Amino acid sequence: MDSERPAAPAKPLLRALSGEAVWPPPAWLMRQAGRYLPEYRELRAQAGDFVTLCITPALAAEVTLQPIRRYGMEAAILFSDILMVPWALGQPLRFAEGEGPLLEPLRDAEAIAALDPAVVAARAAPIMETVARVRAGLAAEAPRTTLIGFAGGCFTVACYMLEGRGSKEFAAARGLAYADPALFGRLIRTLQEATVEYLVAQVEAGAEALMIFDSWAGMLSPGQFRRWVIEPTASITRALRRRCPGVPLIGFPRLAGPLLADYAARAGVDATAMDTGMDPRWAAQAVPAGMALQGNLDPLALVAGGAALEAETRSILAAMRGRPYVFNLGHGIVPQTPPEHVTALMRILRSA
């Protein structure tokens, strides 16, 4: 954590990320802007395809602001995707209905060597315009709400780049990490550099906090996790501290289990996000008391609503009370979530 950070700012989320035990806790939800909202579906139809939506600033900014207008969360997270970094590196990307992301997979050293991190910020300029538009919109409509920029963790992004699509095993990436760690390391270092440039550009455009989503970190053995998740994240955080001092960083090593403690101690982040399967009581003991935790309501409890939602929410709040904490889900909102259940959740949180 940055010992030279200035005094805690007024926005609730930034106060929590700076180490203050804010109560009721600031709250936002992963994928809070998305398919469960009718207003999102209308804009998505206008865009025609998902990548176009991500790189059309007027539409992407409007999508980012939709849940803030509806629910008043304490953070707005940029509407984009972790695979926009491969896209900005020049890897063809499209999203197919029912299949998810599809990329032209990297198959050899020549393809990896052709990736140029220097072009990322320029190619991603439309995304930076979205950031600037959202920051201006928040200033006008929700001045206590923090804008979060984000990128994918290097290992997770490498999984998609090598596999070419989603997978249950991501055997191409995990296999290459064992069989040719030098080549896999070259890809990870390229992604480190590209991710730093991408995140710095977001800060320069107006992002006030950052998050790294390593969604598939938990697929690795402990040694591989330390090498391909913790070490690249630590390298990114060191670079961000130099270039964007004072901007807090949330890390999400999904499915890390007990390795969450190692990650919190060594990755250099200001806050560690818990996935659905993490026991928040254990995390509260394993993670340093001054580091914020984030999470970890089951998205399906949000779908269920009612007594189940209230019981799960209050259990997490009880485990987190008295420490720096940001309420969130343990993974993203699922499309079948009734919007009124999010309204109910926010009511529970504000009465905590």
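For the structure given in this document, a descriptive report is provided here. Starting afresh in each chain, residues are numbered from 1 along the sequence in its written order. It should be noted that, the model being predicted, local features are given only for residues of pLDDT at least 70 and side-chain atom pairs only at 80 or more, the latter also being counted only at that level, while totals for whole chains, interfaces and linings use all residues. Computation of side-chain values covers all heavy atoms of the structure but excludes hydrogens and water.

### Quick notes on the pairing of strand β9 (residues 325–329)
Here is the rule we go by: Relative accessibility decides the category of a residue: with a 1.4 Å probe and only protein chains considered, values under 20% of the type maximum give buried, values over 50% give exposed, and everything between is partly exposed. Helix numbers and strand numbers start at the N terminus; a helix is a DSSP run of H or I with at least 4 residues, a strand a run of E with at least 2. Whether two strands pair comes down to DSSP finding at least two bridges between them.
Judged by how many residues are buried, β9 sits mostly within the fold: 5 of 5 residues are covered. One ladder, built from 5 bridges, connects strand β8 (residues 292–297) with β9; its direction is parallel. Residue pairing for β9: L297 is matched across the bridge by L329.

### Regarding the pattern of salt bridges
Where we set the bar: Between Lys or Arg on one side and Asp or Glu on the other, a salt bridge is scored when a side-chain nitrogen of the former is within 4 Å of a carboxyl oxygen of the latter.
Tallying each qualifying case throughout the model produces 14 salt bridges. In this structure, the salt-bridge partner of R350 is E74, at a minimum N-O distance of 3.7 Å. Taken together, the positions of R350 in helix α17 (residues 339–350) and E74 in the loop between α4 (57–71) and β1 (75–77) put the pair 276 residues apart, joining distant regions of the chain. R226 serves as the salt-bridge partner of D262, at 2.7 Å between the closest nitrogen and oxygen. Of this pair, D262 sits in helix α13 (residues 260–266) while R226 sits in helix α12 (residues 222–243), and the two are 36 residues apart along the sequence. The network of salt bridges with shared partners includes K11, R135 and E208.

### Looking at helix α11 (residues 181–205)
Heads up, the rule is: In a helix, the anticipated span is given by 1.5 Å times the number of residues less one.
The terminal C-alpha atoms of α11 lie 35 Å apart, and with 25 residues this matches the ideal 36 Å at 1.5 Å per residue to within 8%. Positioned one or two residues after α11, G206 has a phi angle of 135 degrees, which is positive.

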